[in-house]
Every structure is written in structure tokens, then in C-alpha cells.
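Commentary on secondary and tertiary structure
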Amino acid sequence: MTKPIIQIKGLHKSYGELEVIKGVDLEVDKGEVLVIIGPSGTGKSTLLRCVNLLSSPSKGQIWVDGDEVTAPHTDINKIRTKVGMVFQDFNLFTHMTALDNVMIGPSKVKGMAKEEARELALFELERVGLIEKAAAYPGQLSGGQKQRVAIARALAMSPKVMLFDEPTSALDPELIGEVLEVMKKLAREHMTMLVVTHEMGFAKEVSNRIIFMEDGYIIEEGSPQQLFYNPREQRTKEFLGKITELYGEEG
Amino acid sequence: MTELAEFWEMIWPELGRGLVITLRLSTGSLLIGLLIGFPIALMRVYGARWMKTLATIYVDLLRGTPLLVQLFFIYYGLADPNINQLLVRLGLPEGLLVLEPLTAAYLALGCNSGAYQAEYLRGAIQAIDAGQMIAARALGLSRLQAIRYIIMPQALRLVIAPWSNEVAYMVKYTSVVYIIAVQDLFGETRRIMSTHYNQMTMLPFVGMIYLVIVLLITWGMGHLEQHFHIPGLQIDVERG
């Protein structure tokens, strides 16, 4: 048994009076694709954001690749280079071309030479199938293309883990497929992935494990088979019922 | 026609001198304003609480009081004998704050403009989607790096439009400094009018000079904005 790449112990997170995460323990193994599902406002996104300290936990400990993220004097920026993140609304840097968006991490955070960073960025854009859009600005790209550039931007840092925070929720239905394809490809390449999504088709097909979160707790976890066809908890059943109604069987 | 040419020949040396002073005063005050406004805006958006308070007080004070009051305060107020005594007691040179009219004009216009420029820049920074900073930090950029490489390049583009207003305002506002005997374009105009009693020729004429300068600035700033515009950004569409 190798050590888990992410380890979360007794995580709590409050915003003022409001407790969003009420005690979560979780381990993610290297190469695992973990899908987190659940109603909105139940702490799924916050859980992801705690892993790279975009939100700082109120209580509990988190380790990423052996380093304790929650230790008092952690170098946050160093840990973030190991954790790529993809957002619901892409957040590409609007004043930069696709190429510059992908280059800026390696060149400014890792201090990579310009030419090398350029090569790397082109390679990553190729990987998401967008090399021909290298010179385009975000405003000139479709939503699906933007999200693929955002994935390339995260990959350029050679992260150990990728966090996906509802990566297809802001996309028109016909653009979702191209983003999911890139994510499936990453999964096949054994990237460790934590994915918050409502795409049940993706969850069934790609994930190794699914977590159902509600109201700040992990209610149930298990393999896709188990969770979709044989859920233990009534709330899981209800949620999956609603989601299937909304998004269809293949999500 | 010859009459007009003669008149022009007569007034031009003085008017030209005044024009040069107006242009210098505008440029200099805008630069002073930028040097003040930039850090004030950063303090207001990113600073610790005390920095925010300090910056807010500065902005409110200078935007909330008349420019003329500020100008008089700097020119007449600071020359007060009591202040002079205080300076001497503090071991500073005597008459340090007894300023030349032109110096006082630069300071008053610059400090005043700084407050406005700070507000324009703050508005521009805050208009940028919060996701930009979050994405930058998630990549591992430090806060300072994120401000420098991600936020500022976008904010500075956004600030060009309000800033061109400030430039145009400044050129016109400089005309108040005649009141502390700076011989700017308007100061010279008043002198010419007081000897020739030709208000109805001089005022439209000088008004036109201001107008031409302002139009040139607006045109130039428009080009600057075009030059730095980001392809495909929403702003294009809105402009149609």
C-alpha cells in the first residue's frame, strides 16, 4: 500500500457563523479519479478549495504529496504548484493569449526560461487539442475551448493532483463533450483527479470512487456501481433520482 | 484681415508663453497626480486596514473640498508666519513652505488630481473579476505577482477611458491658477484683456485654444485605448 497522495483529517470550514464543512475525512490514492457529487451549497467546492488553501480550513489537517498543507508556516505557493485547479467559469487571464495563459505559471512561478516555457505551453495546448488557438485571446474562444486552455494552464505546472470544480457547469450542452473528453484522457494517463460535477455519465464511466456530500458531511462513498445501482442511504437515492430526472441517465 | 494679423502678432508672444505654461502645468500636475494616485489606489484595495483608512481620508479630503480652497491653502496658508516659525523651531530652513506661485499650482493641482486618479484606478481594479486573482493564486503566483502580471495589466487598460477625462479636465482646471498670479494661458489672456478691453475677441479665441487641446487629447487617448485593447473582449461588442 503506497501512501495516499491526498489525506484529509477532521476537516471543518466555517464562514462566520455558517459551517460549510462539518468534519470530513478523506484519502485519495495516486492515480485515482474521485468524483464528488451532492446538492449545491453542501461544501463540495469548499472541500476542493481547502486542498490548495484557496480557503483556509477552520479545523483539521490536510496533506498533499507528503507535505502538510495546514502546517503553520507552509509555503502555500509551493504547494499550489503541485495542485492544478480548473474552475467553473474558466478564469482565463483575459489580457493574455492562450499560449501566454499556459506559459505564465511555468515562467513566473517556476522561473523557467521563456523559450522552454513556450515549448512546454505548446505541448500542453497540443495535449488539449488547441494548438491552432495558441495566439487567440480568451474572448475569441468558445466556452469549451476556454476550459480546455484552462486545463492546459493547470497541466503546465506538472501537478500531482488536479482539482476540477464543476468544470462543465457553465458550458452550453454541445460544448460539454469536448471538455469531458480531455478529462477522460487525463484519467487514462493516470492523473489523480478530484472532480466536483453533475455529469453522472462521466462519473459512471471514468471515476474509481464517488463521494456523495450533503450538508457538510460525506454521506456515502463507494464505487460507481455501488452508488448508482445499490446506494445504502436514502438521501443518496433521492439525490441520484433528481439528478437523473434533470440530466438524463447518461448525465 | 490685416487687422487680425496685426492683433495676432501683438498678442502671440504673451499668449504663446501662457500656453506653454498651461501645457507644462497640466502635464506636470497629471504626473504628480499619477505618482500619488497609484499608491493610494493600491493602498485602498490591497492595503492593511490602517492603509485603507489613510488612503480614504486623503481621497475624501481632496475630492470633498474646492480646488480653490486647496490652492489657497497651499499658496497662502502654508506661507503663514506661524507655520514658518514652527519650521524654524523644527530646524528646517526658513521660508521652506513659502512657495512660488507656479510651485504652489503644481502641488495643488497634482495633489487634487491624485485623489481623482486614485479613484479611477481603484474602480478599474475592482471592476476586474475576482476569479482572475483566484486563478492566479491557484497557479502558485504570489499576491504581488498576481497584482503585477494579472490585475494591473487589465486595470490599466480599463483606466485609460476615465483617465482621458481627467487629462481633459486638468487642462481646463489649470485656468484657476491665474488667481495666484501664475501667467498661464488664462492669466495672459486676462492681462491682454485688461489693456485692450477686447473680451469679446479674446475669450472665444482662448476658449477655442482650450477646446482644440482637449479634442487633441481625447483623440490621442482614444488611439491609446485602441492600441491596448484586448481582442475579443466584451468591451468591443458593447461599443459596436
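This section reports on the structure supplied with the text.

Rules behind the numbers
Each chain carries its own residue numbering, running from 1 in the written order of its sequence. Throughout, the order in which chains and ligands are written sets their labels, letters from A for the former and numbers from 1 for the latter. Local features in this predicted model are restricted to residues of pLDDT 70 or higher, and side-chain atom pairs are both shown and tallied only at a pLDDT of 80 or more, whereas totals for entire chains, interfaces and linings draw on every residue. No hydrogens and no water enter the side-chain calculation; it runs on all heavy atoms of the structure. Secondary structure is summarised from DSSP: a helix means a run of H or I of at least four residues, a strand means a run of E of at least two, and numbering begins at the N terminus for each. Here the term buried applies to any residue with accessible area under 20% of the maximum for its type, exposed to any over 50%, and partly exposed to those in between, with areas from a 1.4 Å probe on protein chains only. We call two residues in contact when some of their heavy atoms are within 4.5 Å. Note on areas: Shrake-Rupley, 1.4 Å probe, and residue coverage restricted to the protein chains presented here. Any two strands between which DSSP finds at least two bridges are classified as paired. Interaxial angles span 0 to 180 degrees and are taken between N-to-C directions of axes, which are lines fitted to C-alpha atoms, for helices over the stretch in contact. By convention, the term buried area covers the 1.4 Å-probe accessible surface removed from two parts as they join, with the contributions of both added. For salt bridges, the criterion is a side-chain nitrogen of Lys or Arg within 4 Å of an Asp or Glu carboxyl oxygen. N or O atoms closer than or at 3.5 Å make up a polar contact, with two conditions inside protein: a donor-capable atom paired with an acceptor-capable one, and, for residues adjacent in sequence, both atoms drawn from side chains. Ring pairs are drawn from Phe, Tyr and Trp, using the six-membered ring of Trp, whenever the two centres fall within 6.5 Å, and their geometry is named by plane angle: stacked under 30 degrees, edge-to-face over 60, tilted for the rest. Charge-over-ring contacts are defined here by two conditions on Lys NZ or Arg CZ: a distance within 6 Å of the ring centre and an angle within 35 degrees of the ring normal. Working definition: roughly parallel below 35 degrees, roughly antiparallel above 145 degrees, roughly perpendicular at 65 to 115 degrees, and oblique for all remaining angles. Whether a crossing is left-handed or right-handed is set by the direction in which the near helix is turned from the far one by less than a right angle, anticlockwise for left-handed and clockwise for right-handed. Gly falls in the polar group here, along with every residue not listed as nonpolar (Ala, Val, Leu, Ile, Met, Phe, Trp, Tyr, Cys, Pro) or charged (Asp, Glu, Lys, Arg). Residues with no salt bridge and a relative accessible area higher than 30% make up the patches, which join like charges within 9 Å and nonpolar side chains (Val, Leu, Ile, Met, Phe, Trp, Tyr) within 5 Å.

What follows deals with the overall build of chain B. Along chain B, the regular secondary structure elements total 10 helices and zero strands. Shown N-terminal to C-terminal, the secondary structure of chain B runs as helices and strands in the order α-α-α-α-α-α-α-α-α-α. With respect to the principal axes defined by its C-alpha atoms, chain B has extents near 70 × 60 × 25 Å. Considering chain B as a whole, with its 240 residues, one finds that 41% of them fall into the buried category. For chain B, restricting intrachain contacts to residue pairs at least 6 apart in sequence, the fraction spanning at least 24 positions comes to 75%. In the form shown here, chain B has an accessible surface area of approximately 13300 Å², with 67% of it arising from carbon and sulfur atoms.

We now examine the sheet that holds strand E5 (residues 67–68) of chain A. Residues and elements named next belong to chain A. Read from one edge of the open sheet, four strands run E2-E1-E4-E5, paired in antiparallel fashion. For this open sheet the edge positions go to strand E2 (18–28) and E5, each flanked by a neighbour on one side alone. Relative to strand E4 (residues 59–64), strand E1 (residues 6–15) is paired through five bridges, and the arrangement is antiparallel. Counterpart to His-12 in the pairing with E4 is Lys-59. The sheet contacts of helix H1 (residues 44–51) involve E1, E2 and E4, and relative to E1 the element is tilted by about 120 degrees.

Turning our attention to the environment of Met-157 of chain A. Relative to the helices and strands, Met-157 of chain A resides in the loop between helix H5 (143–155) and strand E7 (161–165). With a relative accessible area of 3%, Met-157 of chain A lands in the buried category. Along the primary structure Met-157 of chain A and Arg-127 of chain A are separated by 30 residues, whereas in three dimensions their C-alpha atoms are 14 Å apart. In contact with Met-157 of chain A, not counting residues within four places along its chain, are Thr-81, Gly-105, Pro-106, Val-109 and Lys-110 of chain A together with Leu-139 of chain B.

Take the interface of chain B and chain A next. With 22 residues of chain B at the interface, the matching set in chain A holds 24 residues. Taken together, the two surfaces of chain B and chain A that pack against each other cover about 2000 Å², and 64% of this comes from carbon and sulfur. A per-residue breakdown of the area chain B buries against chain A is headed by Ala-138, Leu-139 and Pro-231 of chain B, which together make up 29% of the total. Put simply, chain B and chain A have zero salt bridges between them. Seen at the junction of chain B and chain A, the total is seven residue pairs in polar contact (both at pLDDT 80 or more). Of all the secondary-structure elements, those providing two or more residues to the side of chain B that touches chain A are helix H6 (130–139) and helix H7 (143–173) of chain B. No other element matches H6 of chain B, which puts eight residues into the side of chain B that touches chain A.

Let's shift gears to the pattern of salt bridges. Residues and elements named next belong to chain A. Inspection of the entire model under this criterion finds 18 salt bridges over all chains. One salt bridge connects Arg-209 with Glu-32, and the closest N-O pair in it is separated by 2.7 Å. Taken together, the residues Arg-209 in strand E9 (residues 209–214) and Glu-32 in the loop between E2 and strand E3 (33–37) connect sequence positions 177 residues apart. You can call Arg-209 buried: its relative accessible area is 15%. Here Asp-65 makes a salt bridge to Lys-82, at a shortest N to O gap of 3.5 Å. In this pair, Asp-65 is assigned in the loop between E4 and E5 and Lys-82 in helix H2 (residues 76–82), connecting sequence segments 17 residues apart. Asp-65 sits in the partly exposed class, given a relative accessible area of 29%. Within the structure, one salt-bridge network assembled from shared partners comprises Asp-65, Asp-67, Lys-82 and Lys-160.

Time to look at the environment of Ile-180 of chain B. Residues and elements named next belong to chain B. Looking at the secondary structure, you find Ile-180 in the loop between H7 and helix H8 (185–196). Considering only alpha carbons, one finds Ile-180 and Gly-33, 147 residues apart in sequence, at a separation of 20 Å. For Ile-180, the contacting residues outside a window of four places in its chain are Leu-71, Phe-72, Tyr-75, Tyr-76, Pro-101, Ala-104 and Ala-105.

Here we take up the packing of aromatic side chains. One pair of aromatic rings is described through two measures. These are the centre distance and the angle between the planes. Counting across every chain of the model gives seven aromatic pairs over all chains. Here Tyr-75 of chain B and Tyr-76 of chain B contribute two aromatic rings whose centre-to-centre distance is 4.7 Å and whose plane-to-plane angle is 65 degrees, an arrangement assigned as edge-to-face. Its relative accessible area of 18% is what places Tyr-75 of chain B among the buried residues. Each residue in the set Trp-8, Trp-12 and Phe-205 of chain B is aromatic and connected to the rest through ring pairs, giving one cluster. Seen from the ring of Tyr-15 of chain A, Lys-13 of chain A lies directly overhead, with NZ or CZ sitting 4.8 Å from the centre. Taking the ring centre of Phe-93 of chain A as reference, the NZ or CZ of Arg-153 of chain A above it sits at 4.5 Å.

Here we take up the packing of helix H1 (residues 2–46) of chain B against helix H2 (residues 49–64) of chain B. Between two packed helices, the angle of one axis relative to the other and the distance separating the axes together describe the packing. Residues and elements named next belong to chain B. Where H1 meets H2, the closest approach of the two axes is 7 Å, and the angle between their N-to-C directions is 130 degrees. With respect to each other, H1 and H2 are oriented oblique. The hand of the H1/H2 crossing is left-handed. Here H1 contributes Ile-36, Ile-40, Met-43, Arg-44 and Val-45 to the contact with H2, which in turn contributes Met-51, Lys-52, Leu-54, Ala-55, Thr-56, Tyr-58 and Val-59. For the contact of H1 with H2, the residue count by class is nine nonpolar, one polar and two charged.

Here we come to H1 of chain A. All names here are of chain A. In terms of burial, H1 is a largely internal element, six of the eight residues being buried. Turning to H1, its buried residues are Lys-44, Thr-46, Leu-47, Leu-48, Cys-50 and Val-51. Of the residues trailing H1, Leu-53 is marked for its positive phi of about 60 degrees.

Within the element layout of this structure, Thr-189 of chain B appears in helix H8. Those residues in contact with Thr-189 of chain B, other than ones at most four positions away along the chain, are Leu-15, Met-202 and Val-206 of chain B.

Our focus in this paragraph is a nonpolar patch on the surface. All names here are of chain B. On the surface, a nonpolar cluster with roughly 320 Å² of combined accessible area is contributed by Leu-31, Leu-34, Phe-38 and Leu-156. Top element by residues in the nonpolar patch is H1. It accounts for three residues. Among the secondary structure elements, Leu-31 is positioned in helix H1.

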